[in-house]
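Observations on chain architecture
So the chains spell out like this:
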Amino acid sequence: MTDVTEIWSYLAARPLLWLTCTVVAYLVADRISLRLNRHPVANPVLLSVLFIAPLLWLSGTPYATYFDGAQFIHFLLGPATVALAVPLHANLAKIRDSVLPLIAALFAGSLAAAGSAIVIAMAFGLPDQVIVSISPKSTTAPVALGVSEALGGSPTLTAVLVILTGITGAVVVTPLMNMLRIEDWRARGFAVGVAAHGIGTARAFQVNETAGAFAGIGLALNAVLTSILAPILVALLL
Amino acid sequence: MLTPIAILLVCQLAGETASRALGLPVPGPVLGLLLLFVVLLLRPAVARSVGPVAQRILAHLSLLFVPAGVGVMAQLDVLVRDWFALGVTLVASTVISLLVGVGTFLFVLRLSGGSR
């Protein structure tokens, strides 16, 4: 019989183990989220991460090894972004009806996301490099990293802040909107797409199909706008 | 099932190529989204083929963020020094953006007399 450690060292060096682990952790997280009626705090991304991180830590697995397996799932973010065109197209009539609110909310929401981050971070006396790194936090990761790098920020810090912003938005949006008695799914979805990119969009799809479609538009338009707006705001405010 | 996947990949590939070739700050997949949207406008029949697969992928959009999320846990040490200030900034700024976004949407909707 083969030694357990031998099996482990074989599996640990292959993508299969952590790929499987990621899918299974997500399935369990999604089950829990469903069981709790999609309670905002039971966010599937957050739960999955909380399941996997301790396993990596206990087994002494470096992130690079984990990512060798998880990259196959990470890769699908690209095609999934393209796929957002489908709900966008399916909701064309609703979008036509609200072009003006959409454009206004895009500029206001995007400006508020980057502007308030810069101003609050300055009030805390954070160093310039950190302020620059937090400024594009509400947009999708590739754009945020590009902006941060171009302005002399830290891409690693930005990557972490982008993901945390997404999770924050996804957790906060439902209770916040319910508290304010906002029932318009277009407005709710669009705002979370602008403020909390893909993770907020994933939450919107969980709650309502129209909200998901509008979140997708918010995410896409804000990717374009933040790349233009964040550098201007940093120059003006910092 | 392969045709819709090919369509998604071709759009992404075209987007990535355009993004690089033109030196645009907009990522390839976002350009791919716009391209597929135009294709759907011109040929609505494509929606019947891509639709179901797209919906399946989007139903589990959360799964796709798990690898990056785990990466955050691996790099939490970048937050150590300023964790409190960063945490407050992040939460406050996200709430502000949500409020301003949703408020503006509803305000302009009412101004423009849009449907409720």
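As recorded in an unreviewed UniProt entry, chain B goes by Holin-like protein and comes from Tranquillimonas rosea. Looking at the Subcellular location (unreviewed entry) heading of the UniProt record, one finds this comment for chain B: "Cell membrane".

In the nomenclature of an unreviewed UniProt entry, chain A is known as TIGR00659 family protein of Tranquillimonas rosea. What UniProt states about chain A under its Subcellular location (unreviewed entry) heading is, verbatim, "Membrane".

Here we come to the confidence of the model for chain B. Note that predicted coordinates carrying low pLDDT should not be read in detail. Looking at chain B, pLDDT values average 91 and 97% of them are 70 or higher. Element-level mean pLDDT values for chain B span from 90 in helix α5 (residues 66-74) of chain B up to 96 in helix α6 (residues 83-111) of chain B.

Another aspect to go through is a nonpolar patch on the surface. Residue and element names in this part refer to chain A. A cluster of nonpolar side chains, Val-119, Met-122, Val-224, Ile-228, Ile-232, Leu-236, Leu-237 and Leu-238, forms an exposed patch at the surface whose accessible area comes to about 670 Å². At the level of secondary structure, the elements contributing two or more residues to the nonpolar patch comprise α8 (99-123) and α13 (209-237). Top element by residues in the nonpolar patch is α13. It accounts for 5 residues. Tracing the chain through its elements places Val-224 in helix α13. Here Val-224 falls in the partly exposed class, since its relative accessible area comes to 30%.

Let's shift gears to the UniProt feature "transmembrane region" (unreviewed entry) in chain B. Per the UniProt annotation, the sites labelled "transmembrane region" (unreviewed entry) are residues 31-50, 57-77 and 83-109 of chain B. Helix and strand shares over residues 31-50 of chain B are 90% and 0% respectively, and the end C-alpha atoms of the span are 17 Å apart.

Let us look at the environment of Leu-219 of chain A. Residues and elements named next belong to chain A. Mapped onto the secondary structure, Leu-219 falls in helix α13. Between the C-alpha atoms of Leu-219 and Gly-198, which are 21 residues apart in sequence, the distance is 6.7 Å. Sequence-distant contacts of Leu-219, defined by excluding residues within four places in its chain, comprise Leu-84, Thr-140, Gly-193, Val-194, His-197, Gly-198 and Thr-201.

Between side chains of opposite charge, a pair can form when the charged atoms approach closely. All names here are of chain A. In this structure the tally under the stated criterion is 3 salt bridges over all chains. The residue Arg-38 makes a salt bridge to Asp-30 at a minimum N-O spacing of 2.9 Å. Each member of the pair Arg-38 and Asp-30 is classed as buried. A salt bridge links Arg-186 to Asp-184; the nearest nitrogen and oxygen atoms lie 2.9 Å apart. In this structure Arg-186 comes out as buried when scored by relative accessible area, which is 7%.

Okay, the domain arrangement of chain A next. Residue and element names in this part refer to chain A. Domain boundaries assigned for chain A yield domain 1 (4-75) and domain 2 (83-237). On a C-alpha basis, the centroid separation for the pair domain 1 and domain 2 is 26 Å. Residue-level contacts link 9 residues of domain 1 with 8 residues of domain 2. With both sides pooled, the region where domain 1 packs onto domain 2 buries about 660 Å², and carbon together with sulfur makes up 67% of that total. Considering only the surface of domain 1 that becomes buried against domain 2, Arg-38, Pro-40 and Asn-43 emerge as the three largest contributors, covering 62% of it. Where domain 1 packs against domain 2, one counts 0 salt bridges.

Each value, and the rule that gives it
- Residues numbered from 1 in each chain as written.
- Chains lettered and ligands numbered in written order.
- Predicted model: local features only at pLDDT ≥ 70, side-chain atom pairs only at ≥ 80, totals over all residues.
- Heavy atoms only, no water.
- UniProt positions renumbered as here; feature names shortened; annotations may be inferred.
- pLDDT = per-residue confidence, 0-100.
- Helix = DSSP H or I, 4+ residues; strand = E, 2+ residues; numbered from the N terminus.
- Patch = residues over 30% accessible without salt bridge, like charges linked within 9 Å, V, L, I, M, F, W, Y side chains within 5 Å.
- Areas by Shrake-Rupley, 256 points an atom, 1.4 Å probe, with all protein chains shown as cover.
- Salt bridge = Lys/Arg side-chain N within 4 Å of Asp/Glu carboxyl O.
- Buried < 20%, exposed > 50% of the residue type's maximum accessible area, 1.4 Å probe, protein only.
- Contact = heavy atoms within 4.5 Å.
- Domains from an automatic or database assignment.
- Buried area = accessible area lost by both parts, 1.4 Å probe.

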